[in-house]
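# Structural description and commentary
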Amino acid sequence: MTTYTHASSPSIDVFPNHRLNPINRNIYAGFTEHMGRCIYGGIYDPENPNNELVDENGFRKDSSAIQASGNFCATYHWEDGVGPRDKRPAFPELAWGTVETNQFGTDEFMKWCKIVGAEPYLCLNFGTGTLDEALHWLDYCNGTKNTKYANLRRANGHPEPYNVKYWALGNEMWGDWQIEQLTAAAYAEKAHQWAKALKLLDPSIQLILCGAEGANSWDYTVLKHCIRATKKDDLGEERKPLIDMHSIHLYTASYDHYENVTAPLAAERNIEVASAFIDTAYYEAQIPASQPRPLICFDEWNVWMPARAVGSSGAEEDYTLSDALAVGVWLNIFVRKSADVAMANIAQSVNVLSPLMTKKDGSGIVKQTTWGPYELFCKYMKGHLIAVQLACDDYKGKTFKDYTRVTRKTPYLDVSATYDDTEGMVNLCVVNMHKEDDYDTKLGGVSGKVQVFEVNGEAIDVTNMKGEQKVDIQEKEAEVKEGRYVFPKHSVTLLRWKA
């Protein structure tokens, strides 16, 4: 929780003992899709001439993520991607106009997740797929009985179930680019019926409903229809609720620096509206307190300018320092809203809109400007959200989608803070969005020596994709004297100290 006031001299007060809620580590998840060089050439690269970068399975050693399979899934048939590779068929891939060879399928993905220590998240085909196909895939992945598809997994060399926990009920089915686009009402009924069947087969899974941007009539319609109180089974036990999370997506970008770095704040408002829709549906359905309230899965987010990173051409962004600050704001938002957000997946994890880029000659990997903030949050911004009071001047210019109609305040400093329970450390992340001014800031609740991690560069338009690492994490130790710290212009700064 961050509260805001105006001030000509900024101040940040941190309250380590005011712990608001635990932070789910899945808010630092990743997204991959069969698009451009994300899978082939990014995660799976058996043709790479540099053997040191590829393991015996053909997986890149220098890239990792969690998966949910985007627009691609609307024509994906999972059975084409299992069994002997030399017998797997290739098909036209309609989402991005390529050919899907099916060389990287379910078993390869599960092996890769195990190697990198990631938890799999699969998206069901709500386009050309069927409920039977979805049930068969679930049984293939999680089945333990003497059944056709569990036995098929065993025959393919995988005797133990994969126990895939997270399953998405389609992806962006509201979009006119989708194969088998649906109306909100049609999707809601289909999702409800599929959810019933899937949880009869495996009640332990978590199902993610397909939302839009959060503050949308689609979101309200599908939530109102699909959030329902569940009945007791024949043994008198309460069944698991059908819907566990609600997915929302948003990409932000602008050529104008201030519009670019403030743009993610539109997502913060969308989370608030989607959360209100969930509450409304939850209360109208008279769901008892014993049944958990669904949370938000922000399973596609990032800085994306389609004009400079065309999707059909692989969507390879050349990120600037300005974009790194925007990613810092995005991540601050997920921490601030961690009571509502159970998962957030940066899209995508390798090459496509990614902080990590594999070199096309196979010689290594480039860490883009956006990698620094992402790495810092993954490492340190964990444990519990703690309260922060911010006083800072506001930016009053143009904002992305004019979100200021409802949020009004846009401080130049964007802040979140956590208490790391395991290490007893307080973590304060401050993004100074101003491109000209350093901020000499009064810090309440902070004194003495602090660890400092700073992401910055000589100008907001510098990039790491020109052969030089111009934006990286700089680490140092500093003394907070007289309760003050200077946050440099156009920077992401993480301060850490013992509680």
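Residues numbered from 1 in each chain as written. Predicted model: local features only at pLDDT ≥ 70, side-chain atom pairs only at ≥ 80, totals over all residues. Heavy atoms only, no water.

## Concerning the overall build of the chain
- Scanning the chain from N- to C-terminus turns up 10 helices and 21 strands.
- In the chain, which comprises 499 residues, the share counted as buried stands at 60%.
- With an accessible surface of roughly 20300 Å², the chain has 50% of that area assigned to carbon and sulfur atoms. (Helix = DSSP H or I, 4+ residues; strand = E, 2+ residues; numbered from the N terminus. Buried < 20%, exposed > 50% of the residue type's maximum accessible area, 1.4 Å probe, protein only. Areas by Shrake-Rupley, 256 points an atom, 1.4 Å probe, with all protein chains shown as cover.)

## Focus: the pattern of salt bridges
- Tallied over the entire structure, the rule returns 19 salt bridges.
- We note a salt bridge from glutamate 268 to arginine 336, for which the minimum N-O separation is 2.9 Å. Taken as a pair, glutamate 268 in helix 7 (residues 265-284) and arginine 336 in helix 8 (residues 321-336) lie far apart in primary sequence, 68 residues in all. As far as burial versus exposure is concerned, glutamate 268 and arginine 336 are alike and both buried.
- Where glutamate 477 meets lysine 449, a salt bridge forms, and the shortest distance between an N and an O atom there is 4.0 Å. Of this pair, glutamate 477 sits in strand 19 (residues 472-480) while lysine 449 sits in strand 18 (residues 448-456), and the two are 28 residues apart along the sequence. For the pair glutamate 477 and lysine 449, a shared accessibility class is recorded, and that class is exposed.
- Taken together, the shared-partner salt bridges connect Arg85, Arg88 and Glu108 into one network. (Salt bridge = Lys/Arg side-chain N within 4 Å of Asp/Glu carboxyl O.)

## Quick look at helix 2 (residues 131-142)
- Compared with the 16 Å implied by 1.5 Å per residue over 12 residues, the 16 Å span of helix 2 between its first and last C-alpha is a close match.
- Here helix 2 lies mainly inside the structure; 9 of its 12 residues are buried.
- The complete set of buried residues in helix 2 reads Glu133, Ala134, Leu135, Trp137, Leu138, Asp139, Tyr140, Cys141 and Asn142.
- For helix 2, the secondary structure elements touched by its buried residues are helix 1 (106-116), strand 6 (121-123), helix 3 (148-155), strand 7 (166-168) and helix 4 (184-201). (Expected span 1.5 Å × (residues − 1). Contact = heavy atoms within 4.5 Å.)

## Thoughts on the packing of helix 1 against helix 2
- Interhelical geometry of helix 1 versus helix 2 gives an angle of 45° and a closest axis separation of 12 Å. The angle between the axes of helix 1 and helix 2 places the two elements in the oblique class. The crossing of helix 1 and helix 2 is right-handed. Residues Thr106, Asp107 and Met110 of helix 1 lie in contact with helix 2, whose contacting residues are Trp137, Tyr140 and Cys141. (Axes fitted to C-alpha atoms, helices over the stretch in contact; angles between N-to-C directions. Parallel < 35°, antiparallel > 145°, perpendicular 65-115°, else oblique. Left-handed = near helix turned anticlockwise from the far one by under 90°.)

## Notes on the environment of glycine 30
- Relative to the helices and strands, glycine 30 is located in strand 3 (residues 29-31).
- With relative accessibility at 4%, the residue glycine 30 sits in the buried group.

Any functional reading would require information beyond the geometric quantities listed.
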